[in-house]
Amino acid sequence: MTLTAKEYRPRRPQDSDYYSCVEDYFEPFMQIYDDRFSRDYGFWRPYIEKVICRYLDCGDLHQGFARVRCNDCGHEYLLSFSCKRRHFCPSCHQKRVVEFGEWLCMDVLKKIPHRHFVFSIPKILRRYFLYDRKLLAALSRSAWESLKVFMQQAVPEKEPIPGAVIAVQTFGDFLGFNPHCHILLTDGCFYGDKGMFRVAPPLELKKLEAIFRHKVFRLLLKRGRITEEMVRMLSAWRHSGFNIFCGNRISPKDDAAMENLARYIIRASFSQERMKYLRQEGTVVYRAKDGKDQKTFPAMEWLAAMCSHIPNRGEQMVRYYGYYSNVARGKRKAKGTDDVIPCILEPDGNVKALRKSWARLIQKIYEVEPLVCPKCKGTMRIISFIEDPQVIRDILTHLGLWLVRSRPPPKIHDPPNIEYAPSDDLAHAPHPQTDCYADPEYFWDDYIQS
Ligand SMILES: [Zn+2]
Ligand SMILES: [Zn+2]
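Residues numbered from 1 in each chain as written. Chains lettered and ligands numbered in written order. Predicted model: local features only at pLDDT ≥ 70, side-chain atom pairs only at ≥ 80, totals over all residues. Heavy atoms only, no water.

**Brief notes about the pattern of salt bridges**
What counts here: By definition, a salt bridge exists where a carboxyl oxygen of Asp or Glu is found within 4 Å of a side-chain nitrogen of Lys or Arg. Here's how the labels work: a residue is buried when its accessible area is under 20% of the maximum for its type, exposed when over 50%, partly exposed in between, all with a 1.4 Å probe on protein chains only.
Applying the stated criterion across every chain yields a total of 15 salt bridges. With its nearest N and O atoms 3.1 Å apart, the salt bridge here joins Glu-76 to Arg-69. Note on Arg-69: relative accessible area 33%, which makes it partly exposed. Beyond isolated ion pairs, a larger network of salt bridges with shared partners links Arg-67, Arg-69 and Glu-76.

**A closer look at the coordination of the zinc ion (ligand 2)**
Our working definition: In this analysis a donor is any N, O or S atom within 2.8 Å of a metal ion (3.2 Å for sodium, potassium and calcium), and since water is not included, sites may seem incomplete. A four-donor site is classed as tetrahedral when every donor-metal-donor angle falls between 85 and 135 degrees; four donors are called square planar, and six octahedral, when trans pairs exceed 155 degrees and all remaining angles lie between 65 and 115, with any other arrangement labelled irregular.
Bound to the zinc ion (ligand 2) on the protein side are Cys-58 (SG), Cys-83 (SG), Cys-89 (SG) and Cys-92 (SG), at distances that span 2.2 to 2.4 Å. Here the zinc ion (ligand 2) binds 4 donor atoms, and the angle range of 103 to 115 degrees at the metal identifies the geometry as tetrahedral.

**Description of the nonpolar core**
Put simply, the test is: Within this scheme, the nonpolar core is defined by two criteria: the residues are buried Ala, Val, Leu, Ile, Met, Phe, Trp, Tyr or Cys, and they are joined through side-chain atoms within 4.5 Å. The numbering of helices and of strands both runs from the N terminus, where a helix is a DSSP run of H or I of at least 4 residues and a strand a run of E of at least 2. In this description, contact between two residues means that some pair of their heavy atoms is separated by no more than 4.5 Å.
Ranked by internal contacts, the top residues of the largest apolar core, which has 41 residues, are Phe-117, Phe-119, Leu-125, Ile-183 and Phe-212. Put simply, the parts of the chain that give this core at least two residues each are strand 3 (114–120), helix 5 (123–131), helix 6 (134–153), strand 4 (163–171), strand 5 (177–186), helix 7 (205–222) and helix 8 (228–236). With 9 residues, helix 6 is the single largest residue contributor to this core. Apart from the residues within four sequence positions on either side, Phe-117 is in contact with Leu-147, Cys-181, His-182, Ile-183, Leu-185, Leu-203, Leu-205, Leu-208, Ile-244, Phe-245 and Cys-246.

**Remarks on helix 8**
To keep things clear, this is the line we draw: Think of it as the arc spanned by the lines of direction from the helix axis to the C-beta atoms.
Regarding helix 8, the residues found buried are Met-230, Val-231 and Leu-234. Across the axial projection of helix 8, the buried residues extend over an arc of 100 degrees, all falling on one side. Structural note: helix 8 exposes Glu-229, Arg-232 and Ala-236 on the side pointing more than 90 degrees away from its buried face. Taken together, the buried residues of helix 8 touch helix 5 and helix 7.

**As for a nonpolar patch on the surface**
To keep it simple, the criterion reads: Nonpolar side chains (Val, Leu, Ile, Met, Phe, Trp, Tyr) within 5 Å and like charges within 9 Å form the patches, drawn only from residues with over 30% relative accessible area and no salt bridge. All accessible-area figures derive from a Shrake-Rupley calculation using a 1.4 Å probe, and residue coverage is judged against the displayed protein chains alone.
On the surface, Ile-124, Met-233 and Trp-237 cluster together to form a nonpolar patch covering roughly 260 Å² of accessible area. Among the residues examined, Trp-237 registers a relative accessible area of 37% and is labelled partly exposed.

**Considerations on the confidence of the model for the protein chain**
The cut-off we apply is this: A score from 0 to 100, pLDDT tells how confident the predictor is in each residue.
Predicted confidence across the protein chain gives a mean pLDDT of 79, with 79% of residues reaching 70 or more. Considering only residues more than four positions removed or in separate chains, one finds that residues 340–356, a stretch of pLDDT under 50, has 39 contacts.

**Digging into the sheet that holds strand 13 (residues 380–386)**
Test applied: Note: two strands are recorded as paired if DSSP finds a minimum of 2 bridges between them. Inter-axis angles, ranging from 0 to 180 degrees, are taken between N-to-C directions of lines fitted to C-alpha atoms, where helices are fitted over the stretch in contact.
On the basis of which strands lie adjacent, the open sheet formed by 3 strands has the order 2-1-13 and antiparallel pairing. Each edge of the sheet is formed by a strand with only one pairing partner; in this case those strands are strand 2 (76–80) and strand 13. Averaged over all pairs of adjacent strands, the angle between their axes in this sheet comes to 30 degrees, without regard to strand direction. Bridge count between strand 1 (residues 65–70) and strand 13: 6 bridges; the pairing is antiparallel. Pairing of Arg-67 across the sheet is with Ser-384, part of strand 13.

**As for the packing of helix 1 (residues 17–36) against helix 10 (residues 299–307)**
Which entries qualify depends on this criterion: Angular relationships are summarised with four words: roughly parallel below 35 degrees, roughly antiparallel beyond 145, roughly perpendicular across 65 to 115, and oblique for the angles in between. For this classification, Asp, Glu, Lys and Arg are treated as charged, while Ala, Val, Leu, Ile, Met, Phe, Trp, Tyr, Cys and Pro are nonpolar and the rest, including Gly, are polar.
Two numbers describe how helix 1 lies on helix 10: the axes approach to 9 Å, and their chain directions differ by 85 degrees. Here helix 10 runs roughly perpendicular to helix 1, going by the angle between their axes. Between helix 1, through Tyr-18, Cys-21, Val-22, Tyr-25, Phe-26, Pro-28, Phe-29, Ile-32 and Tyr-33, and helix 10, the contact on the second element is made entirely by Ala-299, Met-300, Trp-302, Leu-303, Ala-304, Met-306 and Cys-307. For the contact of helix 1 with helix 10, the residue count by class is 16 nonpolar, no polar and no charged.

Below you can see the structure in the form of structure tokens.
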């Protein structure tokens, strides 16, 4: 054992306002949720408890770690496990965002013009989606079907196929529940089997909106959520509450814009930088993006709002349609007509490719070289995963890093007396026993174990 506490460079999520708020309140929050919050924030989902607990342990060496060693000089450090949960753990979500952006641009989207669309629905209909998250998938499909009809009519060729990537977001300003679709759409259609692409003229948004509105009404009628009478009432409104935003054409050469947009469509529901937790008052103050407006939440209400945006385990929030559908990409691949490797179909090849890119991705997030030895600049690799509680304890005790923490009661985490390097890197070793990593929308599993 050549490790010393000095050389261990941990991330310290426990220092954030967000972490403190979650830690202080999650237990009473779960106890009173049904009575206090289910009406406004949806039914309690047992999965939420798992997400919260995993988040509280994310990056905590006491929960196990990997040993990383330099091939050249033998220098070693410990790498804690991360929770990999979406929309609750800021660190894990951000990592996912960066990797998704790169994967989408490299392996899914073609070098043709695209447009960004946002489809939203009236306030009065949003609650149905809060109580029945399955409707979110149908909302995504309604948006796709509306766009497909329009795009196909906009080009002269036979059997034209547009492509879309649709991400459902459930959050609006100040974490209100506002289900809407962010769409990356091919600005035109492919046709024939040689990858020909015809750019479409601008779509008539008012007509598009009418089709989308009609489809959402049919959906909610069919599922028994609304009545014909309500449809008549809503149709008579001067401003329907349905809205479609269409961005400018994005040139195939503009890789940066495309990647930013890809990141944007799966961005986290909140920003840690904009929240302030006032422990004495038991409140959270959250600032609007422009910094002008702010809202004060009782801490537990803030948690309830946050939790309403956590997808269920394995719930797909991003879907691929038309030319970008998994089926279409698979067929092109089988025929050798797709010049990129569709990730979803070839896990082996892709895991390898992604494994290579891991260091670069971490660098994008933290701007450090995670697998480069800080001593000799040699290449470091993971030599073992330590998960046995006794071994964890022995190693951390030996290093003077073992802290007896108890939860609850909260509010007892004084900073331990250990010398930490300030960097925020290396928190993301894959958990070898992760139970929720086979996310169908997006994957990059054990890229680091070789
Ligand atoms: Zn070294
Ligand atoms: Zn995490």
